[in-house]
Amino acid sequence: MGHLLSREPRSRPSRRRPRCCSWCRRRRPRPRPPRSRDCFFRGPCMLCFIVHSPGAPAPAGPEEEPPPPPPPPPPPRARASAEDCAAAARRFLLAPAAASPASRCRELGLAAAAAWERRGPGLLLAGVGPVRLLGPPAALRLLRGPPPAADMVCKRKGAGLPACTPCKQPRCGGHGGGHGGGHGGRGGHGGAHAGAHGGPAGGGASPPRPPDAACCPAAPAPPEAPAPPAPPGAPAAAGGDAGRAGGAAPSAAQQQQQQQQQQHDCGDADRREPPENPCDCHRDPPPETPDINQLPPSILLKIFSNLSLDERCLSASLVCKYWRDLCLDFQFWKQLDLSSRQQVTDELLEKIASRSQNIIEINISDCRSMSDTGVCVLAFKCPGLLRYTAYRCKQLSDTSIIAVASHCPLLQKVHVGNQDKLTDEGLKQLGSKCRELKDIHFGQCYKISDEGMIVIAKGCLKLQRIYMQENKLVTDQSVKAFAEHCPELQYVGFMGCSVTSKGVIHLTKLRNLSSLDLRHITELDNETVMEIVKRCKNLSSLNLCLNWIINDRCVEVIAKEGQNLKELYLVSCKITDYALIAIGRYSMTIETVDVGWCKEITDQGATLIAQSSKSLRYLGLMRCDKVNEVTVEQLVQQYPHITFSTVLQDCKRTLERAYQMGWTPNMSAASS
């Protein structure tokens, strides 16, 4: 609200000069900057006041206070300090001419500042008259130089924060000002008046602030001896030797030593950076944020190994360069699953094989955009390939399988089901060059015959698994060849092949046989099946689905003789409730029984097998029309450890899994 109290009108005319051309601005003289002065006085130099007579007081300025009444005569200590100032002035005048003015002025200023700190500003110019001085802090900063950088940083960082106040001792105490004085000068009266009331001494000195309780405690001041009274006839301006002779006022060296000790005691508090919160002074530093990249690379590789190929290539590798390098590690490119990817072409297979030549497993099932050329390049550049899978790649022919057999002699697994162009020529190359072959799958390769299968049986003596499906050109000769030349066979499947009981009976020679799939064998009798179960003691899984000849008597023998049998599949067989009762009564190992589509199964058979069997965990009753759904609900409640499979029960389990995964039904679509 300064404009409301001003005597001048608010709308004053602008004092800016009118604009002129650029030439006039270049010709106009620029104002010179003011000269900087080394002296700490704002006004005339101290020498001007010292040269003049001490008895001639200067007139009071408009900004100064009216002269107070004359003070009492000062003690001898004040006269001694005044004499020090006069001695410093004489040294300044008598200094050699070689000394610079700045150094001479600095010497005089240091002496004056010491006198200021010791007895206040009143005794500095006791008989000279009033003079307008800089405040003691500003003068000391000018003479002693800028503060340390640490203090400046602390003040700058801690601005506006609730930090602890630094512990600093007052330079001009209340009791110290009481001894200052001067004869006939207002500065002397100010010092005496301030000393009497415990306030600041003289012109511009700020009152002392007590040390903060949160910081270091203030050092107690040593007691001073009382000053002797001055003689009545003593002059007003006494010498400094008389003050020192009294012994009460400390010398400049002693005061400087005390000040350094105080700064040393509280220096740590001054330099300490104030915390944002005062309560955090005693708290521990916050823990570092854990970084996953600090883990060893071996652990990160183990973590990335649980990701799929899409997650590694499309997500993890895009995080950072370090993760990209880890995702390109050779161990992730040993086993590639490229199934059902239409972007897999011959060029891509060539790039993959060129970058990682240590591929041991690859799956290219349902990849329709590649040809035999890409598979040949892959086989040529990856001689260590062990497992090769290519289901439903109808565009591939014998060329690809011959290249794999020729360049990958360590091949152990070949699954090439549903390839119409594959013939016996490819199988012959496999049988003659891949002696380590252990697992083969040629289902629905309709051009394969006994000729190629016999070559494989005679050449691959380490075969453990063989699966054939709907290979109509495969007959009992192939079954006999495998049974004679491959004694390590554990899994044998000839679903829908032209195989009869004459060929299946040769499988009794396989002592390590654990899983036998004889689905849809048109000429399979019960005696052959019972003989196989009796001789193959390690048999754990038997699939006899779609064989209409299998009856209750055969199932009873299987339950009695199958000592290690755990899975028995009898879908669409000619069995009744008696077969289920026999399984529950005689078998102690069978866990899974599937009798779906058996029309003669009723509620009685399902109830009795659930009651009598101690090992049963799954009972398939799909499309057993004589089994009531109410009975199945009761069995589910009574035997929760058994899973009953019917149309309604399977639908309920499917809905439960959908709800668990977050699926909710759309009621609006159902109502419409």
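Being a predicted model, the structure only gives us computed values, none of them experimental.

## Here's the deal with the overall build of the chain
In step 1: Within the chain, the secondary structure is distributed over 28 helices and 13 strands.
In step 2: Looking at the 672 residues of the chain, the share that counts as buried comes to 39%.
In step 3: Considering only intrachain contacts with a sequence separation of at least 6, the fraction spanning at least 24 residues in the chain is 74%.
In step 4: With an accessible surface of roughly 38,700 Å², the chain has 55% of that area assigned to carbon and sulfur atoms.

## Re the environment of asparagine 543
In step 1: Tracing the backbone through its elements, the reader meets asparagine 543 in strand 9 (residues 541–543).
In step 2: According to the relative accessible area criterion, asparagine 543 is buried, its value standing at 13%.
In step 3: Sequence separation between asparagine 543 and leucine 568 is 25 residues, and the spatial gap between their C-alpha atoms is 6.1 Å.
In step 4: Sequence-distant contacts of asparagine 543, that is, excluding residues within four places in its chain, are made with Leu516, Asp517, Leu518, Arg519 and Tyr569.
In step 5: A distance of 3.2 Å separates the side chain of asparagine 543 from the backbone nitrogen of cysteine 545, its partner in a polar contact.

## Topic: the pairing of strand 6 (residues 465–469)
Both faces of the sheet carry side chains from a regular strand, because those side chains alternate between them.
In step 1: By the criterion of burial, strand 6 is predominantly enclosed, with four of the five residues buried.
In step 2: Pairing geometry for strand 5 (residues 439–441) and strand 6, over three bridges, is parallel. In the strand pairing of strand 6, histidine 441 is matched with tyrosine 467.
In step 3: Handedness of the crossover is the feature at issue here: the chain leaves strand 5, passes through helix 19 (residues 450–459), returns alongside strand 6, and the resulting connection is right-handed.
In step 4: Alignment of strand 6 against strand 7 (residues 491–495), held across five bridges, turns out to be parallel. Bridge pairing in strand 7 links methionine 468 to phenylalanine 494.
In step 5: Since strand 6 and strand 7 lie parallel, the crossover through helix 20 (residues 476–485) that links them has a hand, and here it is right-handed.

## A short note on unusual backbone geometry
In step 1: With a phi angle near 55 degrees, arginine 392 is a residue other than glycine that sits in the positive phi range.
In step 2: Here asparagine 418, not a glycine, exhibits a phi torsion of approximately 60 degrees, which is positive.
In step 3: Along the chain, the position of asparagine 418 falls in the loop between strand 4 (413–415) and helix 18 (424–433).
In step 4: The class of asparagine 418 is buried, set by a relative accessible area of 15%.

## A short note on the packing of helix 23 (residues 552–561) against helix 24 (residues 577–586)
In step 1: Two elements in contact, helix 23 and helix 24, have axes separated by 9 Å at closest approach and are oriented at 10 degrees. The pairing of helix 23 with helix 24 is recorded here as roughly parallel in orientation. When helix 23 is examined against helix 24, the residues Asp552, Val555, Glu556, Ala559 and Lys560 are found in contact with a partner set consisting of Tyr578, Ala579, Ala582, Ile583 and Tyr586.
In step 2: Split by residue class, the contact of helix 23 with helix 24 holds seven nonpolar, no polar and three charged.

## A word on the pattern of salt bridges
In step 1: In the structure shown here, the tally under the stated rule is 18 salt bridges.
In step 2: Put simply, aspartate 310 and arginine 341 hold a salt bridge, and the shortest N to O gap is 2.8 Å. One end of the pair, aspartate 310, is in helix 13 (residues 309–314); the other, arginine 341, is in the loop between strand 1 (335–337) and helix 15 (346–355), with 31 residues separating them in the sequence.
In step 3: Take aspartate 310: its relative accessible area is 35%, and that puts it in the partly exposed class.
In step 4: For the salt bridge of arginine 653 with aspartate 650, the shortest nitrogen-to-oxygen distance reads 2.4 Å. Taken together, the positions of arginine 653 and aspartate 650, both in helix 27 (residues 647–660) and three residues apart, correspond to about one turn of that helix.
In step 5: Among the residues examined, aspartate 650 registers a relative accessible area of 23% and is labelled partly exposed.
In step 6: Taken together, the shared-partner salt bridges in this structure form one network comprising Lys599, Arg623 and Asp625.

Conventions adopted
Residues numbered from 1 in each chain as written. Predicted model: local features only at pLDDT ≥ 70, side-chain atom pairs only at ≥ 80, totals over all residues. Heavy atoms only, no water. Helix = DSSP H or I, 4+ residues; strand = E, 2+ residues; numbered from the N terminus. Buried < 20%, exposed > 50% of the residue type's maximum accessible area, 1.4 Å probe, protein only. Contact = heavy atoms within 4.5 Å. Areas by Shrake-Rupley, 256 points an atom, 1.4 Å probe, with all protein chains shown as cover. Polar contact = N/O pair within 3.5 Å; in protein donor to acceptor, adjacent residues only side chain to side chain. Pairing = 2+ DSSP bridges. Right-handed = clockwise from strand over helix to strand, strands pointing away. Axes fitted to C-alpha atoms, helices over the stretch in contact; angles between N-to-C directions. Parallel < 35°, antiparallel > 145°, perpendicular 65-115°, else oblique. Nonpolar A, V, L, I, M, F, W, Y, C, P; charged D, E, K, R; others polar. Salt bridge = Lys/Arg side-chain N within 4 Å of Asp/Glu carboxyl O.

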